[in-house]
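# Examination of the molecular architecture
Residues per chain, in single letters:
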Amino acid sequence: MKLLVTGGAGFIGSNFIRYWMREHSQDEIVNFDLLTYAGNLENLKDVADNKNYTFVKGDICDRDLVFNLIRDNDVVVHFAAESHVDRSIMDPSSFIRTNVLGTQTILDAVREYKKRLHHISTDEVFGALRPGEPAFNEQTRYAPRSPYSASKAASDHLVCSYHTTYGIEMTISNCSNNYGPYHFPEKIIPLFISNLMEGKKVPVYGDGQQMRDWIYVEDHNRGVDMILQKGKIGETYCLGGKDAEITNLELTKKLIELLGRDESYIEYVKDRPGHDRRYAIDYTKAKKELGWEPLIDLDEGLRMTIDWYKNNQEWVGRCKSGAYQEYYEEWYGR
Ligand code: NAD
Ligand code: TYD
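Structure report, in brief. The model shown is predicted, which means the values in this text are computed figures rather than measured ones.

Reading the values: the criteria
- Residues numbered from 1 in each chain as written.
- Chains lettered and ligands numbered in written order.
- Predicted model: local features only at pLDDT ≥ 70, side-chain atom pairs only at ≥ 80, totals over all residues.
- Heavy atoms only, no water.
- Near = heavy atom within 4 Å.
- Polar contact = N/O pair within 3.5 Å; in protein donor to acceptor, adjacent residues only side chain to side chain.
- Areas by Shrake-Rupley, 256 points an atom, 1.4 Å probe, with all protein chains shown as cover.
- Helix = DSSP H or I, 4+ residues; strand = E, 2+ residues; numbered from the N terminus.
- Nonpolar A, V, L, I, M, F, W, Y, C, P; charged D, E, K, R; others polar.
- Expected span 1.5 Å × (residues − 1).
- Buried < 20%, exposed > 50% of the residue type's maximum accessible area, 1.4 Å probe, protein only.
- Contact = heavy atoms within 4.5 Å.
- Salt bridge = Lys/Arg side-chain N within 4 Å of Asp/Glu carboxyl O.
- Axes fitted to C-alpha atoms, helices over the stretch in contact; angles between N-to-C directions.
- Parallel < 35°, antiparallel > 145°, perpendicular 65-115°, else oblique.
- Left-handed = near helix turned anticlockwise from the far one by under 90°.
- Core = buried A, V, L, I, M, F, W, Y, C linked by side-chain atoms within 4.5 Å.
- Pairing = 2+ DSSP bridges.

### Topic: the site of ligand 2
Around ligand 2, the structure places 20 residues, and the nearest of them are Glu124, Pro203, Arg272, His275 and Tyr332. Within the side chain of Asn177, one N or O atom sits 2.8 Å away from an oxygen atom of ligand 2. Compared with its free state, where it exposes 510 Å², ligand 2 has 98% of that area covered by protein. Elements that contribute at least two residues to the shell around ligand 2 include exactly α3 (85-90), α6 (188-197) and β8 (202-205). Tallied by class, the residues present in the shell around ligand 2 amount to nine nonpolar, five polar and six charged.

### Digging into helix α1 (residues 11-23)
For an α-helix, the turn length of 3.6 residues means that residues three or four places apart are oriented alike. Over its 13 residues, α1 runs 19 Å from end to end, which matches the ideal 18 Å to within 8%, given 1.5 Å per residue. Counting buried positions along α1 gives eleven out of 13 residues, so the element sits mostly inside the fold. Those residues of α1 that fall on the buried side of the exposure criterion are Phe11, Ile12, Gly13, Ser14, Asn15, Phe16, Ile17, Arg18, Tyr19, Trp20 and Met21. Tucked into the core, α1 has its buried residues touching β1 (2-6), β2 (28-33), β3 (53-57), β4 (75-78), β7 (177-179) and α7 (217-230).

### Regarding the pattern of salt bridges
The final tally for this structure, using the stated rule, is 19 salt bridges. Between Asp108 and Arg63 there is a salt bridge whose closest N-O contact spans 3.1 Å. In this pair, Asp108 sits in helix α4 (residues 93-113) while Arg63 sits in helix α2 (residues 63-71), placing the two residues 45 residues apart along the sequence. Arg63 gets classed as partly exposed once you look at its relative accessible area, which sits at 41%. Look at the salt bridges and you will find they share partners, linking Arg22, Glu23 and Glu218 into a network.

### Description of the site of ligand 1
In the vicinity of ligand 1 lie 28 residues, with Ile12, Asp33, Ser83, Tyr148 and Lys152 positioned nearest. Interatomic distance of 2.5 Å between a side-chain N/O atom of Asp33 and an oxygen atom of ligand 1. In the model, an oxygen atom of ligand 1 is placed 2.6 Å from a nitrogen or oxygen of the Tyr148 side chain. Relative to its unbound accessible area of 840 Å², ligand 1 is 97% covered by the protein chains. Here the shell around ligand 1 takes three residues from strand β5 (residues 116-122), the largest share from any one element. Split by residue class, the shell around ligand 1 holds 13 nonpolar, twelve polar and three charged.

### Overview of the packing of α1 against α7
Their axes nearest at 9 Å, the elements α1 and α7 cross at an angle of 60°. By the angle class used here, α1 and α7 are oblique. Judged by the twist between their axes, the crossing of α1 over α7 is right-handed. Judged by residue contacts, Phe11, Ile12, Asn15, Phe16, Tyr19, Trp20 and Arg22 of α1 engage Val217, Glu218, His220, Asn221, Arg222, Val224, Asp225, Leu228 and Gln229 from α7. Across the contact of α1 with α7, the residue classes break down as eight nonpolar, four polar and four charged.

### Quick notes on the packing of α6 against helix α10 (residues 298-311)
For the pair α6 and α10, interaxial distance at closest approach is 11 Å and the crossing angle is 55°. On the basis of their axis angle, the class for α6 and α10 is oblique. Our pair here, α6 against α10, has a crossing hand that is right-handed. In this structure, α6 contributes Ile189, Pro190, Ile193 and Met197 to the contact, and α10 contributes Leu302, Thr305, Ile306, Tyr309 and Lys310. Residues that form the contact of α6 with α10 fall into these classes: seven nonpolar, one polar and one charged.

### Digging into the nonpolar core
Counting 35 residues, the largest nonpolar core has Trp214 and Leu255 as its most contacted members. Among the elements of the structure, α6, β8, β9 (211-216), α8 (248-258), β12 (266-269), α10, α11 (313-319) and α12 (323-332) are those that each provide at least two residues to this core. If we skip the residues at most four places from it in the chain, Leu255 touches Ile189, Phe192, Ile193, Leu196, Leu302 and Ile306.

### Examining α6
With eight of its ten residues buried, α6 lies for the most part within the structure. Positive phi shows up at Gly199, right after α6, with a value of about 75°.

### As for the sheet that holds β9
Spatially, β7-β9-β11 is the arrangement adopted by the three strands of the open sheet, whose pairing is mixed. Edge positions in the sheet fall to β7 and β11 (245-247), since each has one partner strand and no second. In this sheet, neighbouring strand axes are inclined to one another by 50° on average, regardless of whether the strands run parallel or antiparallel. The pairing of β7 with β9 spans three bridges and is parallel. Residue pairing across strands places Tyr179 opposite Tyr216, the latter belonging to β9. Contacts from α7 reach β7 and β9 within the one sheet, and its direction differs from that of β9 by about 70°.

### Brief notes about the environment of Asp225
With respect to the helices and strands, the residue Asp225 is situated in helix α7. In contact with Asp225, not counting residues within four places along its chain, are Tyr19, Trp20 and His24. Of the polar contacts made by the side chain of Asp225, one reaches the side chain of Tyr19; its length is 2.6 Å.

Pasting the structure below:
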């Protein structure tokens, strides 16, 4: 099989490619990525020489390139997106362009060449839960609340509409917050790990009582694999973490303890505008229909993640240099 992976130089996509090459070593993979600030070929340097792996630098909005690549592959796994909520608050335009128009370009090519598409989405399209409310599932109404989640919701609707209207073969996964190796240090877990390693404080938004459901990236990617093998065309699957619903403050305290710091490293900062209070995922459908469930709990996943960051401090240093500094000062200095 020939797999076209969009956004394969980012956090989840690079872990997916490494996973796929290990589990399906006979398949050919083309990694198609624009290499924005979040894309990094260093994430895949251990597989770069494999004869079954090819990298193509380009934009998912580039129609000619997208059509040529999709024509020459069998399956498209679509990760490419602008993915950071805070950056979408600072400037939504690139989110609409890549996440909505880029996905439309992919869909037009998938339609033209009759290829199978798996679209990677997020639980953030469902909006925010109150404490105690039942977790999101495949029936939950879409109610996105940030420019990021609205752009992902739009892309999901487009994918479904191309299935209904043109009969394209698609599946979607809506996954909770991922963490693990190669996670760009602007999201809470890698940012806090790297700040604590560097002896810097960690910026907790508002009262720190927001809740997230954390999934180790390998569990997510195994879920995508099972959807590609056994998922029903036209269906959506919710993927979530293993007993991993936790407030940001509890998570911060866990990281502080695992890294041998103390609570004086917590700095409460201005809240994110429109901050979603809680996300949680009910993955019963994936368990029943695919036999999928997450295997790595939060404590084990955090230990593995911290070990990876300790062993890859140069990678972190390079991510946090240059333009990253400007972003950090602009956002946290608001
Ligand atoms: P990321 O920001 O780390 O990586 C995104 C990748 O897409 C980068 O390599 C970037 O260069 C590439 N890209 C961006 N714009 C592009 C364009 N116009 N053309 C081609 N490539 C482009 O993101 P991630 O955390 O790996 O997320 C991957 C996908 O998973 C996204 O669709 C995201 O919405 C979804 N998702 C993420 C999470 C999470 O917790 N990180 C949770 C659920 C779903
Ligand atoms: P993030 O990692 O940006 O993921 P998302 O917004 O997609 O869930 O943020 C996770 C949670 O951590 C979210 O409630 C916002 C909070 N947060 C902080 O408190 N401080 C920070 O510096 C960051 C980046 C996030």
